[in-house]
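Residue-level listing of the chains:
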Amino acid sequence: MTDMKDDAVVILVGSGGRPYREYLLAGAARRHPVWILDAVDPTWQEPYVRGSTTVPLLDAERLVPDQEALAAAAEEVARTHRVAGVFSYDETLVVATAHIAERLGLPGLTVAGVENCRNKHNTRQVLTAAGLPQPRFAYVTEADEALVTADSFGYPVVLKPRGMGASIGVIRVDGPDEVLTAFDVADSASRGGSLSYEGGVLVEECVTGPEISIDGVNFDGGYTPLFLAHKELGPAPYFEETGHTLDAADPLLADEELLHVLRTAHRELGIAYGITHTEVKLTARGPVIIEVNARLGGDLIPYLGKLATGVDPAALAVDAATGVRPEWTPDHHRTVGIRFLYPHANGTVRSVDVPAPGDSPGLLEAVPMVEPGTTLLLPPEGYLARYAYVICAAEDPDGVAEALDKAAALTTLVLDS
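Model, not experiment: these values are computed from the prediction.

J.: Looking at this structure, how should I read the sheet that holds strand S14 (residues 335–341)?
T.: For sheets, the rule is that strands pair by backbone hydrogen bonds, running either parallel or antiparallel. Taken in spatial order, the eight strands of this open sheet run S13-S12-S9-S10-S11-S14-S18-S16, and their pairing is antiparallel. Only two strands of the sheet have a single partner each, and these edge strands are strand S13 (286–293) and strand S16 (363–368). Looking at each pair of strands side by side, their axes are set apart by 25° on average, direction ignored. Across seven bridges, strand S12 (residues 274–283) lies against S13 in antiparallel orientation. The partner of Thr278 across the bridge, within S13, is Val292.

Right, here's the structure in full:
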């Protein structure tokens, strides 16, 4: 029998896609031995894990996890190892992860807290009741209801699914003649994810202003911002994220109004432990939370934070999951940005060529994201049609923007229509 005291592990639910998440798995493994529960057998993950359990999805096409099987697998791990904590950075798995934490009596996000984040209708209700600035909103199940609601709010409005991520199915509507088509886009997108959030659409007042995201640490009911990024969006009426810029010394990290909104929101949503990713619009009436995600940010934003500060976000996620108060001290400060490159039209990739770091000032990385033969579809036919990304560093955000422009111009895509 294994000595459980000497064989403690942290369970990671879902390892994610290698291009976006390998740095997090590597960072977690440097902090603590990791056991993964995943839908596929490990390949690239093997150097980073103590062990693994394969738990197939209930619905592979819709990425629906088998929540009960994941909990049973975690209990099986706990029979032979001391489980110090459990966490996930996958949006589709955060609810299952919270159930595991509660079942094993581990620190972490609660089921109620995660559901308040995962279900965007819950988020709006809780934050509105707390008196925080929020757009007017309504949940509707029919296109005719969406039209009546949008007319009553006034245009523009935003239609979105309740439980998707990555801005999938989110669309701006500028007039009544666009509502029925937009409802179909948002409602159809909701049917590509978990059954728990299938069907129906949130209609929201369109709030305007620059958009930021904040990865923050929650511990024992307290909230502290970690990284703050400024977001770039693709062409309207969709809200696909095309880039992020992160300044390690961003003054918004110490903005009292923003901090009050973030701390109040996390308290009211019931988030006491773990790292969250919050998206905020900076409006004329103050910071307005768009959504709170019960996980680290996607789009390599935490990686930008690590490049900008030297702080490893995965290590802090492991600490919070194991009940250790996260502490961090940046060992450098710089400004870093990422630009995701999209095609101008739908088509099939023939080739992608990217520059080397020495080819462009400030270029740190340039990475192809697709193989030849991949079909890229822009919204509403498809989402996240990215063929490459570039990461650059500079002294300030303007310098990063210039460096990203130059690096992007050196990246070429050959596409067959």
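J.: Looking at this structure, how should I read the packing of helix H5 (residues 120–129) against helix H8 (residues 256–269)?
T.: The contact between H5 and H8 brings their axes to 10 Å, and the two run at 115°. Judged by the inter-axis angle, H5 sits roughly perpendicular to H8. Crossing hand, H5 versus H8: right-handed. On the side of H5, the interface is formed by Thr123, Val126 and Leu127, while H8 contributes Ala265, Glu268 and Leu269.

J.: Help me understand the packing of aromatic side chains in this model?
T.: Aromatic rings considered in pairs are described by the distance between their centres and by the relative angle of their planes. For the structure shown, the criterion picks out five aromatic pairs. Look at Tyr20 and Phe340: their rings are 6.4 Å apart centre to centre, the planes differ by 40°, and that puts the pair in the tilted class. Of this pair, Tyr20 sits in helix H1 (residues 18–31) while Phe340 sits in strand S14, and the two are 320 residues apart along the sequence. Classification of Tyr20 as partly exposed rests on a relative accessible area of 25%. Here the aromatic cluster, defined as three or more aromatic residues joined through ring pairs, consists of Tyr20, Phe340 and Tyr389. Over the aromatic face of Phe340 sits the side chain of Arg386, whose NZ or CZ is 3.8 Å from the ring centroid.

Parameters and conventions
- Residues numbered from 1 in each chain as written.
- Predicted model: local features only at pLDDT ≥ 70, side-chain atom pairs only at ≥ 80, totals over all residues.
- Heavy atoms only, no water.
- Pairing = 2+ DSSP bridges.
- Helix = DSSP H or I, 4+ residues; strand = E, 2+ residues; numbered from the N terminus.
- Axes fitted to C-alpha atoms, helices over the stretch in contact; angles between N-to-C directions.
- Parallel < 35°, antiparallel > 145°, perpendicular 65-115°, else oblique.
- Left-handed = near helix turned anticlockwise from the far one by under 90°.
- Contact = heavy atoms within 4.5 Å.
- Phe/Tyr/Trp six-rings, centres within 6.5 Å; stacked < 30°, edge-to-face > 60°.
- Buried < 20%, exposed > 50% of the residue type's maximum accessible area, 1.4 Å probe, protein only.
- Lys NZ or Arg CZ within 6 Å of the ring centre and 35° of its normal.

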